[in-house]
Amino acid sequence: MTAFVLVSDAFTGGWVWEETAARLREAGAEAHPVTLTGTGDRRAEAGPETGLETHVGELVRLLDGITAAEVVLVGHGYGLYPVFGAADRRPGRVARIVSVDTGPPQGGEPAVRSVPDPGVRELLSGRPDAAVPPPAPGTWPRWGSVEGIPADALARLEREAAPQPARTLTEPLRLTGAVDALPTTGVLCAANGQSIALVEMAVASGPPQFRALTEDRFRFFELPTGHWPMLSAAGELAGVLLRAAAGEGHRVTAPENGHEQPSHLLPFLVDVPERPRERVGRVDLHLPDADGPRPAVVFVHGGPVEPDRRPTPRDMPFFLGYGRYAAGAGVVGVTVDLRLHGLADYPRAAQDLADAVGQVRADPRVDGDRIALWFFSTGGLLAADWLAAPPPWLRCVAANYPALAPLPGWETVESRFRPVDTVGTADGPPVVLTRAGLEHEVIAATVERFLAAAEKRGADVEVVDAPHAHHGFELVDPTDESRAVLERSVRAVLARLRD
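Residues numbered from 1 in each chain as written. Predicted model: local features only at pLDDT ≥ 70, side-chain atom pairs only at ≥ 80, totals over all residues. Heavy atoms only, no water.

> Any chance you could explain the overall build of the chain here in plain terms?
On a plain count of helices and strands, the chain comes out with 16 helices and 14 strands. By the compact-globule yardstick of 23 Å for 499 residues, the chain fits well, its C-alpha radius of gyration being 24 Å. Seen along its three principal axes, the alpha-carbon backbone of the chain occupies a region of about 75 × 45 × 45 Å. In the chain, which comprises 499 residues, the share counted as buried stands at 56%. Sequence separation of at least 24 residues holds for 79% of the intrachain contacts in the chain that already meet a minimum separation of 6. Looking at the chain as shown, the accessible area adds up to about 19,800 Å², and 51% of this sits on carbon and sulfur atoms. Of the charged side chains in the chain, 48 are positive and 66 negative, and the gap between their average positions amounts to 3 Å. (Helix = DSSP H or I, 4+ residues; strand = E, 2+ residues; numbered from the N terminus. Rg over C-alpha atoms; globule rule 2.2 N^0.38 Å. Buried < 20%, exposed > 50% of the residue type's maximum accessible area, 1.4 Å probe, protein only. Contact = heavy atoms within 4.5 Å. Areas by Shrake-Rupley, 256 points an atom, 1.4 Å probe, with all protein chains shown as cover. Lys, Arg positive; Asp, Glu negative; His and termini not counted. Charge placed at Lys NZ, Arg CZ, Asp CG, Glu CD.)

What follows is the structure, encoded as structure tokens:
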């Protein structure tokens, strides 16, 4: 007999698991949907001391009372934090952890770090003891895609949502490390922007902790639905939970490139000599050996980037390489650190970029009438504003393997950040687009939509193809083809700057 303990996201209670729990019981398993103190219909029980530790303790006591031989702890959203805490304290009672559309939390990390709504992060930064009100009707997508939820279930979600006790989000998760050895399954919801392919990309290019996902104890499933599969695909979710308990699922393997480091720490494609570099605020200038004002290329990173990741983008080998490469070509190479820490942060990142460009144009060593903006990866969304209302001094917009529309499930990204909608709508600068032939399919789809829109509207777009290159080829594909593509892309941008 397997017992499933089901813990849901913030503002909700055990009721969201009703149909999934019924399917599990029909299959012969135990199911324990949990309503924690201060949540769901126990909202009146919340007190000033109700926090993450309260919820961890409740799950530990529940585990101690279950007699089934095998227990699977299932956490969804915030619910994964108390699940990890309880599993860490009773590792011998837990056969497997299942995380539903949620990344594994780290020890010492409060749940607010993973909250997608910046308004909540700001509220708790100023009032750490304030209860967090549930999303207003119509705003639930800011917490995750609601795709697939029937209208009556969505209405119930809005009606029965309860304020979340603040300390459940602000108390750090205390772990001893025992949880790190437990088998874990991720259930990824494709309509919320999660997929096995994206996990594989994170393993290849993300922070070192992602490499652990290649261990044999990890398995993955993917469901074609939004963030609330227990409401939108209850039967399918129950089936996946049963298969997870049996040890099934996709295993992610280490990248074939054999790199020991995550790709963002790999050396740049070419060995570029150092150049003088000046730092002011979030902006670095890589200066050429030249007299008089020079054109400038501003390199724009993607994200989201964890606020405490080190090195920050402008100090990574990638952007150091591009900044020096530009300076070696006789122009000012500009690298920046944008405050793009979550999907809802694109407006703030856009303002950071606009401020950086203004700062660069005001520098006497820069020809303020000859500026190029070069976007990378998901930083490509920030190109939308510049294509919609291009200033006369913007001589070129470049983009390497960019996302040119929000990816599936990225509902929290404001609608203005859609270059597919703005390309060719104004008499703007030419675009140099470097396309990776081995691109991740959801990003490649946005590039093809962008090119179709550009052709329809008569926009000036030059495509530089890298047929055998991956996303981030300047780091992960140190080949002659990649070097030729880099040279061609830089030459195309410089030609437009100097035209």
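> I tried to follow the nonpolar core on my own but got confused; where do I start?
For soluble globular proteins, nonpolar side chains are generally found buried alongside one another. One finds V74 and I97 to be the most contacted residues of the largest nonpolar core, which totals 67 residues. In terms of nonpolar packing, the next biggest core, distinct from the first, is built from 47 residues, V300, F375, L394 and L404 among them. (Core = buried A, V, L, I, M, F, W, Y, C linked by side-chain atoms within 4.5 Å.)

> Just checking my understanding: could you explain the packing of aromatic side chains for this structure?
Where two aromatic rings form a pair, the distance of their centres and the angle of their planes describe that pair. Using the criterion set out here, one finds 19 aromatic pairs in the structure. Geometrically, the ring pair formed by W140 and W228 is edge-to-face, given 5.8 Å between the ring centres and 75 degrees between the ring planes. One end of the pair, W140, is in the loop between helix 4 (118-126) and helix 5 (151-160); the other, W228, is in the loop between strand 6 (218-223) and helix 8 (229-232), with 88 residues separating them in the sequence. Taking relative accessible area as the criterion, W228 reaches 1% and is therefore assigned buried. Here a set of aromatic residues connected by ring pairs shows up, and it is made of F268, F299, F318, F319, Y322, W374, F376, Y401 and F473. (Phe/Tyr/Trp six-rings, centres within 6.5 Å; stacked < 30°, edge-to-face > 60°.)

> In this structure, what is going on with helix 10 (residues 317-328)? I would like to understand it.
Because each turn of an α-helix spans 3.6 residues, side chains separated by three or four positions end up pointing in the same direction. Its 12 residues give helix 10 an end-to-end C-alpha distance of 16 Å, which sits within 8% of 16 Å, the value for a rise of 1.5 Å per residue. Extensive coverage of helix 10 is indicated by the burial of 9 of its 12 residues. When helix 10 is considered as a whole, its buried residues turn out to be F318, F319, L320, G321, Y322, G323, R324, A326 and A327. Of the residues trailing helix 10, G330 is marked for its positive phi of about 95 degrees. (Expected span 1.5 Å × (residues − 1).)

> Is there a simple way to explain the sheet that holds strand 2 (residues 30-33) in this structure?
One key point about sheets: their strands pair by backbone hydrogen bonds, in either a parallel or an antiparallel sense. The strand order 2-1-3-4-5-6 describes an open sheet built from 6 strands, whose pairing is parallel. Of all the strands in the sheet, just strand 2 and strand 6 have a single pairing partner and so form its edges. Each adjacent strand pair in this sheet contributes to an overall mean axis angle of 20 degrees, direction not counted. Sheet topology note: the strand 5 (residues 184-189)/strand 6 ladder contains 6 bridges and is parallel. Following the sheet pairing, V187 is matched in strand 6 by F221. (Pairing = 2+ DSSP bridges. Axes fitted to C-alpha atoms, helices over the stretch in contact; angles between N-to-C directions.)

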